[in-house]
Amino acid sequence: SLIQSQNYRLHLSSKIGSKISIFLYMNTTKIDVTRVSNQSEIIGIRDLQVLNLKQNITTEEAIDQGFLTASYSIEYLQEMNAASSAIIAKDGDKVVGYALVATKDIRNGHDLVESLFDSIDKSEYNGKLLRDVNYVVVGQLCVAKEYRGQNLVQKLYGHFRECLSKEFSYLV
């Protein structure tokens with residue numbers, strides 16, 4: 001028989017009159033962290049987002065794992081990605097995590113994003129108002145339930161920093 005979980009696969013085999021052998025195999029699925037490059041990846045972001053909106057999960061899961069509050073349309077996600085492509089984690093062709101890149105150019109496309117930028121613009125860092133510097137924001141971050149606990153949040157933030165630190169003075 002075969003028992004499979006998100007990280008491990010347990011293989012049990014036996015023969016009548018012989019010992020039971022137990023083999024534990026580490027799941028070798030490779031998760032790629034990259035930037036959005038096509039429409040199907042944008043749709044993958046939207047699908048993952050919908051699954052993790054507060055109204056679509058249990059209260060217990062919301063308390064334990066967190067939740068998303070902002071729902072972005074495909075059109076707005078396309079606009080965001082046209083300004084600066086999102087960072088995504090993929091298992092094969094499936095988007096299993098993302099960090100949306102929100103630039104000042106797209107701030108007026110969604111009320112929550114506009115409010116976020118308005119708040120950041122009023123903040124001061126190193127003696128400068130942030131409205132006067134070139135910055136970018138993680139507009140939303142999400143990892144699929146079955147992929148949590150695998151350092152994907154750190155990998156998404158790391159790739160965000162790696163890709164955008166030369167283009168922007170501050171990453172928020």
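What you see is a predicted model, and the numbers here were worked out from it, not measured in a lab.

Calculation rules
- All residue numbers refer to position in the chain's written sequence, counted from 1.
- Local features in a predicted model are, by the rule used here, given only for residues with pLDDT of at least 70; side-chain atom pairs are given and counted only at 80 or more, and totals for whole chains, interfaces and linings are based on all residues.
- Heavy atoms from the whole structure form the basis of all side-chain values; hydrogens and water molecules are not counted.
- Salt bridge, as used here: a side-chain nitrogen of Lys or Arg that lies within 4 Å of a carboxyl oxygen of Asp or Glu.
- Helix and strand definitions here come from DSSP, where helices need a minimum of 4 consecutive H or I residues and strands a minimum of 2 consecutive E residues; each element is numbered from the N-terminal end.
- Under the scheme applied here, a residue whose accessible area is under 20% of the maximum for its type counts as buried, over 50% as exposed, and between as partly exposed, the area being computed with a 1.4 Å probe on protein chains only.
- DSSP-based pairing: two strands are paired if at least 2 bridges between them are found.
- Here, residues are in contact when the closest pair of their heavy atoms is within 4.5 Å.
- Helix axes are fitted to C-alpha atoms over the stretch in contact, other axes to C-alpha atoms as well, and angles between N-to-C directions run from 0 to 180 degrees.
- Each angle gets one of four labels, with under 35 degrees taken as roughly parallel, over 145 as roughly antiparallel, 65 to 115 as roughly perpendicular, and the rest as oblique.
- Helix crossings are classified by the rotation of the near helix relative to the far one: an anticlockwise turn of less than a right angle makes the crossing left-handed, while a clockwise turn makes it right-handed.
- The nonpolar class holds Ala, Val, Leu, Ile, Met, Phe, Trp, Tyr, Cys and Pro. Asp, Glu, Lys and Arg form the charged class, and all remaining residues, Gly among them, are polar.
- Within 3.5 Å is the distance limit for a polar contact, defined as a pair of N or O atoms, with the added protein rule that one can donate a hydrogen and the other accept it, and that residues adjacent in sequence qualify only through two side-chain atoms.

## A closer look at the pattern of salt bridges
For step 1, the next point in the chain: Taken as a whole and judged by the stated rule, the model has eight salt bridges.
For step 2, the next point in the chain: In this structure, the salt-bridge partner of K90 is E41, at a minimum N-O distance of 2.8 Å. Note that K90 is positioned in strand β5 (residues 87-91) and E41 in helix α1 (residues 39-51), a separation of 49 residues in sequence. An identical accessibility class is assigned to K90 and E41; each is buried.
For step 3, the next point in the chain: A network of salt bridges, in which partner residues are shared, links E61, K145 and R148.

## Thoughts on the sheet that holds strand β9 (residues 135-143)
Through backbone hydrogen bonds, the strands of a sheet pair up, either in parallel or in antiparallel fashion.
For step 1, the next point in the chain: Read across the open sheet, the five strands follow the order β4-β5-β6-β9-β10; overall the sheet is mixed. Looking at which strands have only one partner, the edges of the open sheet turn out to be β4 (31-35) and β10 (170-171).
For step 2, the next point in the chain: Against the sheet, α1 touches β4, β5, β6 (94-102) and β9, its axis set at about 95 degrees to β6.
For step 3, the next point in the chain: Against the sheet, helix α4 (residues 111-121) touches β6 and β9, its axis set at about 135 degrees to β9.

## Quick look at the packing of α1 against helix α3 (residues 74-83)
A packed helix pair is summarised by two numbers, namely the angle formed by the two axes and the spacing between the axes.
For step 1, the next point in the chain: At a closest axis distance of 10 Å, the pairing of α1 and α3 adopts a crossing angle of 125 degrees. Put simply, α1 runs oblique to α3. By crossing handedness, the relation of α1 to α3 is classed as right-handed. Along the contact surface, α1 presents Q39, I42, I43, I45 and R46, while α3 presents I74, L77, Q78 and N81.
For step 2, the next point in the chain: Among the residues forming the contact of α1 with α3, the class breakdown is five nonpolar, three polar and one charged.

## Notes on the side chain of S84
For step 1, the next point in the chain: Inspection of the secondary structure assignment puts S84 in the loop between α3 and β5.
For step 2, the next point in the chain: Under the relative-accessibility criterion, S84 is labelled buried at 7%.
For step 3, the next point in the chain: Within the structure, the side chain of S84 is placed 2.9 Å from the side chain of R35, a separation counted as a polar contact.

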